[in-house]
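Coordinate analysis (summary)
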Amino acid sequence: MRRTFSDHWYRIANLRLALRPGLSIRLHHYRGEPWYVLRERLHNGLFRVNPATYRFLGRLHVGATLDEVWRASVNDSPEDTPGQDEVFELVTGLYRANLVQVDGSVDEVRLIERAEARHRKPLAARLSELLFLRIPLCDPDPWLNRVRPFIDHVLSGPVLALLLGLVLWAGIELALAGPRAWDQAEHLLQSDNLLLLYAATLLTHLLHELAHAAASKRFGADVRTMGVMLLMLAPMPYVDLSSSWALRDRWQRVVIGGAGMLADLVTGAVATIVWAWTPPGLVNELAYNLMFTTVVYTVVFNINPLMRFDGYYMLSDAIGIPNLHQQAQKQFTRWWRRTVLRETGPDDAPASPRRRAFLGLFFLVSNVYRLSVMVGIVLFVADQYLGIGLVVAAAMVVTNFIAPLQKWLHTLRQPLFRFQQQRLLRRSAAVLATVLAGLMLVPVPDSQVLDGVVEAQQHSRLHTDR
């Protein structure tokens, strides 16, 4: 059941707008349901709508106000017409994606006024974004067009089979020299190795992103932005692959997501073979750093669908659930409100029991795994550099706890929840106290193995007769 009317409708009721001419519109199917993907090629704006919303968008034209179009749509098809709140969000999303043109006589600031207020982030969230800032630098599409024949050759069947054979060879070498690899890992974060570690990470990320871009070009998707991303304040390359979302074939999108991991595996395979067959020295150390960064990044982060990296997007495309993390979060929130807080009312997003169970389980498992990996990273870094480890831990606490808590408290101040704040707070506090008590009171075995030398405080010399 949708909310038909909105208190903020007057802000956009008199707008005269229409879809921009020249948009690329493609019909996609997600889990058997039709969706339309709108794309503006110049700025690579993308937006996905269902058929009912697409029919409403087809009614828009600058000769009538938005209110007139909406009321005419309600009179013709009241069941399919989106509510005023939905139209508000729809128009602001289209405007931000540069997919809609607005009559010049109307102040366009009204379109984004409410959206900016809704999405204005707290200070903690804005500070955490500085750790993951993206800076676009160039357009790699002309270069990709020039090397397109080489891309087609590399992504052919025989070459891929050869590369997989190389990966298998490297896996055998790593298995035979496993103890030596673990011993060398103890010196990975020492000061004299940090420069090599960063150089290896930079090189692997560059090859990783170029592989994504090459696969996108192979399937006809443009790559128009390449730049530098500050990953925990460390500069790393990135490419914008959002144009690949417009591809109809989901398996093409899966291959694009896996291309970066293939580049990591090939890079790691070459590095492993070089490391296994070279004597100690600069080449051996650089090869080990390349091997470590590609293997750990691919296995722990990238290929794992529980982290929001390539494996996650590949799973989302394969099962036909776009925005899998957001859908899982909404499903868990819906379950929390209905089961724990005992909220009543119609379900605004009904789903099958199987889908609800999958989304809820995915939300819980992915968050537990993500927090476990973060704790492991903090402990690994703090073991060598306590100060840096504390800074990383503080950044993670801000991003994963303080910012969501501020957002939740902001929700409590909305008029919709004021009448039940006391009940909501009491039940949430009870659940939180139960979880904390379980964490603090349930005994968990903890042991460590440390090297040491035992020396007696008193000793005597013994002499034997011969």
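Below you will find a few notes about this structure. (Residues numbered from 1 in each chain as written. Predicted model: local features only at pLDDT ≥ 70, side-chain atom pairs only at ≥ 80, totals over all residues. Heavy atoms only, no water.)

1. A look at the overall build of the chain
As a reminder of what qualifies: Strands here are runs of E lasting at least two residues and helices are runs of H or I lasting at least four, both read from the DSSP assignment and numbered beginning at the N terminus. Each residue gets one of three labels from its accessible area relative to the maximum for its type: buried under 20%, exposed over 50%, partly exposed in between, using a 1.4 Å probe on protein chains only. Contacts are assigned to residue pairs that have any heavy atoms within 4.5 Å of one another.
The helix and strand tally for the chain stands at 18 helices and 8 strands. Across the 466 residues in the chain, those meeting the buried criterion constitute 38%. Long-range pairs, those at least 24 residues apart, make up 68% of the contacts in the chain between residues at least 6 apart in sequence.

2. Brief notes about the packing of aromatic side chains
Defined as follows: Pairing of aromatic rings covers Phe, Tyr and Trp, the last counted by its six-membered ring, and requires centre-to-centre distances within 6.5 Å; plane angles under 30 degrees mean stacked, over 60 mean edge-to-face, and any other angle means tilted. Our definition puts a charge over a ring when NZ of Lys or CZ of Arg is within 6 Å of the ring centre and also within 35 degrees of the ring normal.
Considering all chains together, one arrives at 8 aromatic pairs under this definition. With a centroid separation of 5.9 Å and 50° between ring planes, the pair formed by Trp275 and Tyr288 is classed as tilted. Residue Trp275 is found in helix H11 (residues 250–277), and its partner Tyr288 is found in helix H12 (residues 282–302); the two are separated by 13 residues along the sequence. Exposure class is identical for Trp275 and Tyr288. Each is buried. Ring centres 4.6 Å apart and planes at 25° place the aromatic pair Phe332 and Phe363 in the stacked group. Placement of the pair is Phe332 in helix H14 (residues 324–340) and Phe363 in helix H15 (residues 353–382), with a sequence separation of 31 residues. Across this residue pair, the class does not change: Phe332 and Phe363 are buried. The rings of Tyr312, Tyr313, Phe358 and Phe362 are connected pair by pair, giving a single aromatic cluster. Directly above the aromatic system of Trp35 lies the positively charged group of Arg48, at a separation of 4.1 Å from the ring centroid. Against the face of Trp275 rests Arg180, its NZ or CZ located 4.1 Å from the ring centre.

3. So, H12
Where we set the bar: An expected span of 1.5 Å times one less than the residue number is assigned to each helix.
For H12, with 21 residues, the first-to-last C-alpha span of 28 Å sits near the 30 Å given by 1.5 Å per residue. Residues of H12 that are buried include every one of Asn284, Ala287, Tyr288, Asn289, Leu290, Met291, Thr293, Thr294, Tyr297, Thr298, Phe301 and Asn302, and no others.

4. So, the nonpolar core
Selection rule: Here, the term nonpolar core denotes a set of buried Ala, Val, Leu, Ile, Met, Phe, Trp, Tyr and Cys residues that are joined through side-chain atoms within 4.5 Å.
Grouped together as the largest cluster of nonpolar side chains are 25 residues, with contacts concentrated most on Leu17, Phe56, Leu57 and Leu66. Mapped onto this core, the elements with two or more residues apiece are strand E1 (17–19), helix H1 (51–59), helix H2 (66–76), helix H3 (84–96) and strand E5 (100–102). Ignoring sequence-local partners within four residues, the contact set of Leu66 consists of Trp9, Ile12, Ala13, Leu15, Leu17, Phe56, Leu60, Val87 and Val91. The next biggest cluster of nonpolar side chains, apart from the first, holds 15 residues, and it includes Ala215, Val239, Leu247 and Ile256.

5. Remarks on the pairing of strand E2 (residues 24–30)
Worth spelling out the cut-off: Here the rule is simple: two strands pair whenever DSSP picks up at least two bridges between them.
Where E2 meets strand E3 (residues 33–40), 7 bridges bridge the pair, whose relative direction is antiparallel. Paired with Leu27 across the bridge in E3 is Tyr36. Connecting E2 to the next strand, E3, in antiparallel fashion are 2 residues, including Arg31 with a positive phi near 55°.

6. A closer look at H2
Here is the rule: Arc, as used here, means the arc of the directions from the helix axis to the C-beta atoms.
Those residues of H2 that sit buried are Leu66, Asp67, Val69, Trp70 and Ser73. Along the axis of H2, the buried positions cluster into a sector of 165°, meaning they face one direction only. Away from its buried face by more than 90 degrees, H2 exposes Asn75 and Asp76. Taken together, the buried residues of H2 touch E1, H1 and H3.

7. A word on the sheet that holds E2
Sheet strands line up and pair through hydrogen bonds in the backbone, either parallel or antiparallel. Here is the rule: Lines fitted to the C-alpha atoms define the axes, with helices restricted to the stretch that makes contact. Angles between their N-to-C directions range from 0 to 180 degrees.
Spatially, E2-E3-E4 is the arrangement adopted by the 3 strands of the open sheet, whose pairing is antiparallel. Each having just a single partner strand, E2 and strand E4 (45–49) make up the two edges of the open sheet. Looking at each pair of strands side by side, their axes are set apart by 25° on average, direction ignored.

8. What to know about the pattern of salt bridges
Put simply, the rule reads: Here a salt bridge means any side-chain nitrogen of Lys or Arg lying within 4 Å of a carboxyl oxygen belonging to Asp or Glu.
Here the structure, examined in full by the defined rule, presents 9 salt bridges. Residue Asp76 pairs with Arg59 through a salt bridge whose shortest N-O separation is 3.2 Å. Note that Asp76 is positioned in helix H2 and Arg59 in helix H1, a separation of 17 residues in sequence. Between Lys217 and Asp141 there is a salt bridge, and its shortest N-O distance comes to 2.9 Å. Residue Lys217 is located in helix H10 (residues 194–218), and its partner Asp141 is located in helix H6 (residues 141–146); the two are separated by 76 residues in the primary sequence. The exposure classification of Lys217 matches that of Asp141, with both residues buried.

9. Re the packing of H1 against H3
This is how the line gets drawn: Angles below 35 degrees are treated as roughly parallel, those above 145 as roughly antiparallel, those between 65 and 115 as roughly perpendicular, and all remaining angles as oblique. Throughout, the ten residues Ala, Val, Leu, Ile, Met, Phe, Trp, Tyr, Cys and Pro are labelled nonpolar, Asp, Glu, Lys and Arg are labelled charged, and all others, Gly among them, are labelled polar.
Running from N to C, H1 and H3 cross one another at 70°; their axes reach a closest spacing of 12 Å. Classified by the interaxial angle, the pair formed by H1 and H3 is roughly perpendicular. Along the contact surface, H1 presents Thr53, Phe56 and Leu57, while H3 presents Val87, Leu90 and Leu94. Within the contact of H1 with H3, the residues separate by chemical class into 5 nonpolar, 1 polar and no charged.

10. Considering the side chain of Ser244
Short version of the rule: Pairs of N or O atoms within 3.5 Å make up the polar contacts considered here, provided that, within protein, one atom can donate a hydrogen while the other can accept it, and that residues adjacent in sequence are counted only when both atoms are side-chain atoms.
With respect to the helices and strands, the residue Ser244 is situated in the loop between strand E8 (234–239) and H11. The exposure class of Ser244 is buried, given its relative accessible area of 6%. A distance of 2.6 Å separates a polar side-chain atom of Ser244 from the backbone oxygen of Leu241. Not counting the four nearest positions on each side in its chain, Ser244 is found in contact with Ser216, Ala221, Arg253 and Ile256.

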